[in-house]
Amino acid sequence: MPTTASVPRKANRVRVSVTASDPISREGVLSQLRQHPEVELDGDPGSAAVALLIEDTLDEAALTRLRRVVRSEGMRAVLVTGSVREHELLDVIECGVGAIVWRHDATAQRLVQAVLTTARGGGDLPADLLGQLIGQVGRIQRGGAEMPGSFLSFTKREVDVVRLVAEGFDTSEIALKLSYSERTVKNVMHGLTTRLHLRNRAHVVAYALREGFI
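Residues numbered from 1 in each chain as written. Predicted model: local features only at pLDDT ≥ 70, side-chain atom pairs only at ≥ 80, totals over all residues. Heavy atoms only, no water.

**Student:** Requested: an account of the overall build of the protein chain, with residues and values cited.
**Tutor:** Each helix and strand in the protein chain was counted, giving 9 helices and 5 strands. Secondary structure elements of the protein chain, listed N to C terminal, follow the sequence β-α-β-β-α-β-α-β-α-α-α-α-α-α. Within the protein chain, the proportion of its 214 residues that are buried is 45%. When contacts within the protein chain are restricted to residue pairs at least 6 apart in sequence, long-range pairs at least 24 apart make up 70% of them. Accessible surface computed for the protein chain: about 11,100 Å², of which carbon and sulfur atoms make up 51%. (Helix = DSSP H or I, 4+ residues; strand = E, 2+ residues; numbered from the N terminus. Buried < 20%, exposed > 50% of the residue type's maximum accessible area, 1.4 Å probe, protein only. Contact = heavy atoms within 4.5 Å. Areas by Shrake-Rupley, 256 points an atom, 1.4 Å probe, with all protein chains shown as cover.)

Rendered as structure tokens:
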């Protein structure tokens, strides 16, 4: 019989609901997540902490589902998809998606990592998507778009932290590079998400890029 030390207490597990238009894809992901005691599968989306959505294509209906899950039901979201076109990326992040996992990378370990990161309010984007995002915003800026008035709402410390987040550094690495404590780095990110009504780290990076902070 497993001891309490070997199995996480139920109260500490992340409740996850899985949604997919294809029942076979949904059952495949459920089967993968059942192997991991860090998550608790919940059939009721309204009571879960994280919604994992499997979308083959990101049409307007898919984006509407994402917005409903995050804004109406108050959950954090993980998106599993085969592709995200460049012009869709900002829309996806602004819907409140905390992590994106490519279908071909959706192993059990990768899915659990994305769920746990999202549950903590973090962001988890594939490196190629982050590169697309930076390139897209750079082209907007070179096109002469005016920076909104909120441009002045980031302090230098916030810019420094978010720039390193965008480059893929974790909290401890950012603290080391900037000679801050890890608590300070966490407080900076928390302050930005709260003040600007953003969802998570990925949303902060997308906002900062689009507004011209980094």
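Having put the structure on the table, let's press on.
**Student:** So what's going on with the layout of surface pockets? Which residues, and what values?
**Tutor:** Using a probe with the size of a water molecule, rolled over the atoms, empty space left in the structure can be pinpointed. Reported here for the largest pocket is a volume of approximately 740 Å³. Thr-117, Gly-122, Gly-123, Val-165 and Arg-201 are the residues nearest the centre of the largest pocket, which is lined by 25 residues in total. Of the residues forming the lining of the largest pocket, the biggest block, 4 residues, is contributed by helix α8 (residues 182-195). Residues of the lining of the largest pocket, tallied by class, amount to 8 nonpolar, 10 polar and 7 charged. (1 Å grid on protein atoms, 1.4 Å probe; cavity = no way out; pocket = protein on both sides within 12 Å on 5 of 7 lines; lining within 4 Å. Points joined across faces, edges and corners; volume = space filled by probe spheres on them. Nonpolar A, V, L, I, M, F, W, Y, C, P; charged D, E, K, R; others polar.)

**Student:** Would you mind going over the pairing of strand β3 (residues 50-55) in detail, with residue names and values included?
**Tutor:** Counting buried positions along β3 yields 6 of 6 residues, so the element is predominantly enclosed. Here strand β1 (residues 14-20) runs beside β3; their pairing, made up of 5 bridges, is parallel. When the sheet's bridge partners are listed, Ser-17 is paired in β3 with Ala-51. Inspection of the sheet shows β3 paired to strand β4 (residues 76-81) by 6 bridges, in the parallel sense. Each bridged residue has a counterpart across the sheet, and for Val-50 the counterpart in β4 is Arg-76. (Pairing = 2+ DSSP bridges.)

**Student:** Lay out helix α4 (residues 108-119) in plain terms, naming residues and giving numbers.
**Tutor:** Across its 12 residues, α4 extends 16 Å between first and last C-alpha, which sits within 8% of the 16 Å expected from 1.5 Å per residue. Of all the positions in α4, only Ala-108, Arg-110, Leu-111, Val-112, Ala-114, Val-115, Thr-117 and Thr-118 are classed as buried. Looking at the packing, one finds that the buried side of α4 touches β1, α1 (23-33), β2 (39-41), β3, β4 and β5 (97-102). Following α4 by one or two positions, Gly-121 has its phi on the positive side, about 90°. (Expected span 1.5 Å × (residues − 1).)

**Student:** Give me the lowdown on the side chain of Asp-124, citing residues and values where you can.
**Tutor:** Mapping Asp-124 onto the fold places it in the loop between α4 and α5 (127-142). Owing to a relative accessible area of 12%, Asp-124 belongs among the buried residues under this scheme. Setting aside chain neighbours within four positions, we find Asp-124 in contact with Gly-98, Ala-99, Ile-100, Arg-110, Gln-113, Ala-114 and Thr-117.

**Student:** I'd like to hear about the pattern of salt bridges, residue by residue, with values.
**Tutor:** Scanning the model with the defined rule gives 9 salt bridges in all. The salt bridge involving Asp-56 is made with Arg-103; its shortest N-O contact spans 2.7 Å. Highlighted residues: Asp-56 in the loop between β3 and α2 (60-72) and Arg-103 in the loop between β5 and α4, separated in sequence by 47 residues. Each of Lys-156, Asp-160 and Arg-163 takes part in salt bridges that share partners, so that together they form one network. (Salt bridge = Lys/Arg side-chain N within 4 Å of Asp/Glu carboxyl O.)

**Student:** How would you summarise the packing of aromatic side chains if you had to cite specific residues and measurements?
**Tutor:** A complete count under the given rule lists 0 aromatic pairs for this structure. Across the ring face of Tyr-180, the terminal group of Arg-157 is positioned such that the distance to the ring centre comes to 4.8 Å. (Phe/Tyr/Trp six-rings, centres within 6.5 Å; stacked < 30°, edge-to-face > 60°. Lys NZ or Arg CZ within 6 Å of the ring centre and 35° of its normal.)

**Student:** Give me the sheet that holds β1: which residues, what numbers.
**Tutor:** Strand order in the open sheet made by the 5 strands is β2-β1-β3-β4-β5, with parallel pairing throughout. The open sheet has two edge strands with one neighbour each: β2 and β5. Direction aside, neighbouring strands of the sheet carry axes that sit 30° apart on average. Across 5 bridges, the pairing between β4 and β5 is parallel. In the strand pairing of β5, Leu-79 is matched with Ile-100. (Axes fitted to C-alpha atoms, helices over the stretch in contact; angles between N-to-C directions.)

**Student:** Just give me the short version of the pairing of β5, but keep the residues and values in it.
**Tutor:** Of all 6 residues that make up β5, 6 are buried, and the element is covered over most of its length. Remark: the β4/helix α3 (residues 86-94)/β5 crossover connection has right-handed handedness. (Right-handed = clockwise from strand over helix to strand, strands pointing away.)

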